Amino acid sequence: MKVFKLIFLIVVIACQSSYAQDNARVKVDTSFSDPKYREDQFYVSITYNLLGNKASEISQSGFSSGFHAGYIRDMPINTRRNIAIGVGIGLSANSYNQNMKISEDLDNNVSYSIISEDVTPYTKNKFSTYILEFPLEFRWRTSTEKIYDFWRVYGGLKFGYIFYNSAKYRGEPNDEFVSNIKDFNNLQYGLSLGAGYDTINVYLYYGLNTLFDSNATLDGGSIDMSAIKIGLIFYIL
């Protein structure tokens, strides 16, 4: 609920700021000389990754990072061309530092357990995902073909396919590395929001499905963790 409240607050602030700026103009430019104007954009995003719906015994530590980049095709749907649908493609690399160890035996069976620092000292434990992303956005902005610094609210859905994953553990009794873990939900989807002014904008992603499928269990229960990403997104024409 706190994430949804944060998203709502950012949208309200962005809209109010945009309204105030538009009202402050003595003359509003209503001439749109370029009927082909659009905001096709490359994007780069850096996020802090959180785990939602995690079990009480799972805790995150250190900095869990995400790096995302891609391209969005802008398709305006009104005369002013400041409202549009955006469809894109991109790549995403994510890490999650936490205390759930993922191990694999000689028969390729994967198991999940909580690391107790009091019993087993370790220096690193994380799993990582590499995703092919497909953003679908409803885009609103205050721009025209003559205004390059403007407010924007780009919200929608982001679909992704995990094409590679891995888990790394460094500690006692020995280091472990597992890749292509079959229990990940390869198809990921969630709500996304980019809002702000000019190049630098706040970015939020809230995963709507779990990172692991029903085959992944911890102490006999399902692992229902989902991805939450909070950071900055940079739009580049």
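It should be noted that the structure appears before, not after, this text.
These notes cover the structure that comes with them. The model shown is predicted, which means the values in this text are computed figures rather than measured ones. (Residues numbered from 1 in each chain as written. Predicted model: local features only at pLDDT ≥ 70, side-chain atom pairs only at ≥ 80, totals over all residues. Heavy atoms only, no water.)

**Concerning the pairing of strand β5 (residues 110–114)**
- Inspection of the sheet shows strand β4 (residues 100–104) paired to β5 by five bridges, in the antiparallel sense. In the strand pairing of β5, Ile102 is matched with Tyr112.
- Count of turn residues in the β4/β5 antiparallel hairpin: five residues, of which Asn108 carries a positive phi of about 65°. (Pairing = 2+ DSSP bridges. Helix = DSSP H or I, 4+ residues; strand = E, 2+ residues; numbered from the N terminus.)

**What about unusual backbone geometry?**
- Look at the link from Glu172 to Pro173: it is a cis peptide, with omega at 0°.
- Secondary-structure assignment places Pro173 in the loop between β7 (151–171) and β8 (176–179).
- The phi angle at Asn180 is positive, at roughly 50°, despite the residue not being glycine.
- Structurally, the position occupied by Asn180 is in the loop between β8 and β9 (187–197).

**Some remarks on the pairing of strand β10 (residues 200–207)**
- In terms of burial, β10 is largely enclosed, as six of its eight residues are buried.
- Bridge count for β9 against β10 is eight bridges, and the pairing is antiparallel. Of the residues in β10, the one forming a bridge with Gly190 is Gly207.
- Looking at chain direction, β10 and strand β13 (residues 226–236) are connected through seven bridges and run antiparallel. Paired with Leu204 across the strands is Ile230, a residue of β13. (Buried < 20%, exposed > 50% of the residue type's maximum accessible area, 1.4 Å probe, protein only.)

**Section: the environment of Tyr148**
- Tracing the backbone shows Tyr148 in the loop between β6 (122–141) and β7.
- Tyr148 sits in the exposed class, given a relative accessible area of 59%.
- Along the sequence, Tyr148 and Asp198 sit 50 residues apart, while their C-alpha atoms lie 7.5 Å from each other.

**Thoughts on the environment of Ile115**
- Counting through the fold element by element, Ile115 comes out in the loop between β5 and β6.
- Overall, Ile115 belongs to the buried group, its relative accessible area being 9%.
- Measuring from C-alpha to C-alpha, the distance between Ile115 and Asn99 comes to 5.5 Å, with 16 residues separating the pair along the chain.
- Aside from chain neighbours lying at most four places away, what touches Ile115 is Asn99, Lys101, Thr120, Tyr122, Asn125 and Tyr169. (Contact = heavy atoms within 4.5 Å.)

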